Amino acid sequence: MVVPTGPLRQNLNVVRPSVRIAPSILAADFARLGEEARAVAAAGADWLHLDIMDGHFVPNISFGPAVVKALRREVAIPFDVHLMIAPADPYLAAFAEAGADLISVHPEAGPHLHRTLQTIRGLGKRAGVVLNPATPVQAVEHVLDLADLILVMTVNPGFGGQSFLESQLPKIAALRRMIDATGREIALQVDGGVTAETAPRCIAAGADVLVAGTAVFGAPDYAAALAALRGNSESPPSRSPPPRHAA
Ligand code: DX5
Ligand code: ZN
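The present account deals with the structure reproduced in this document. The structure presented is a predicted model; accordingly, all values stated were derived computationally and were not measured.

With that out of the way, let us pick up the packing of aromatic side chains. For the coordinates displayed, the defined rule picks out 2 aromatic pairs. A ring pair is formed by Phe30 and Phe63, whose centres lie 6.0 Å apart and whose planes are at 70°; its orientation type is edge-to-face. In this pair, Phe30 is assigned in the loop between strand E1 (20–23) and helix H2 (33–43) and Phe63 in the loop between strand E2 (48–53) and helix H3 (65–72), connecting sequence segments 33 residues apart. When its relative accessible area of 40% is taken as the criterion, Phe30 is described as partly exposed. Seen from their ring centres, Phe217 and Tyr222 are 5.4 Å apart, and the 75° between their planes marks the pair as edge-to-face. Both residues of the pair, Phe217 and Tyr222, belong to the buried class. Positioned over the ring face of Phe79 is Arg72, at 3.7 Å from the centre of the ring. Of note, Arg126 hangs over the ring of Trp47, and the distance from its end group to the ring centre comes to 5.7 Å.

With that settled, the discussion passes to the pattern of salt bridges. Scanning all chains against the criterion turns up 10 salt bridges. Across the pair Asp29 and Arg32 runs a salt bridge whose closest N-O atoms are separated by 3.0 Å. Arg121 is paired through a salt bridge with Asp148; the nearest N and O atoms lie 3.1 Å apart. In this pair, Arg121 is assigned in helix H5 (residues 113–122) and Asp148 in the loop between strand E5 (126–131) and strand E6 (149–153), connecting sequence segments 27 residues apart. Residue Asp148 is classed as buried on the basis of its relative accessible area of 17%.

What counts, and where the lines are drawn
- Residues numbered from 1 in each chain as written.
- Chains lettered and ligands numbered in written order.
- Predicted model: local features only at pLDDT ≥ 70, side-chain atom pairs only at ≥ 80, totals over all residues.
- Heavy atoms only, no water.
- Phe/Tyr/Trp six-rings, centres within 6.5 Å; stacked < 30°, edge-to-face > 60°.
- Helix = DSSP H or I, 4+ residues; strand = E, 2+ residues; numbered from the N terminus.
- Buried < 20%, exposed > 50% of the residue type's maximum accessible area, 1.4 Å probe, protein only.
- Lys NZ or Arg CZ within 6 Å of the ring centre and 35° of its normal.
- Salt bridge = Lys/Arg side-chain N within 4 Å of Asp/Glu carboxyl O.

Pasting the structure below:
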């Protein structure tokens, strides 16, 4: 293999400091959660993504505010809490008190998204809105003044390790245009099937925060996994099959 040098090599190693990575603790070893949180923070994770599932809004159960509170003692990086629970409103204060910095909700989880976002901000936390694959961008159009983050699901929520849905790339691009038009600082996050292969496509479409579970916690070296997601890999993934050698 020819190893590029000079400008081409620099291009392959381009650092995108504006892209933040939020590893999802859902893919960590649950018997060693504190240790896993410390390890990704030490490896350079920007935020910790915490997936809260109730077995009702999504077909899986994860953990609740007590686990968030316990992890809060372990690391100082911002806690990005993704609520996949319905209703969400009765639990917002509990997650705020547990140490969430940002709380994201799905519009389908309650009848009054605007009020829910007001409540989260009233608790002194940043507020996010999550769009399922079938949820149109119009679901957030009239609450952008209250949103600090929009999250595009690139899998159906409920499980880690699913395949990235290409159909969501135009949605990311459309939201980038909507966010830019507001002139407000609103993060554009992508969650589900994010890998070193799909991350550049999300970034090209306009995403600036990437959630990654399997691609980080499933990797032997968390720092290398984070670097690969930022497009700063020493060994960028090859799109062509490895060369065959005669036996
Ligand atoms: C899915 C969760 C994701 C999940 C991502 O419902 O919201 O955050 O943990 O896992 P990967 O990166 O493995 O697709
Ligand atoms: Zn999530």
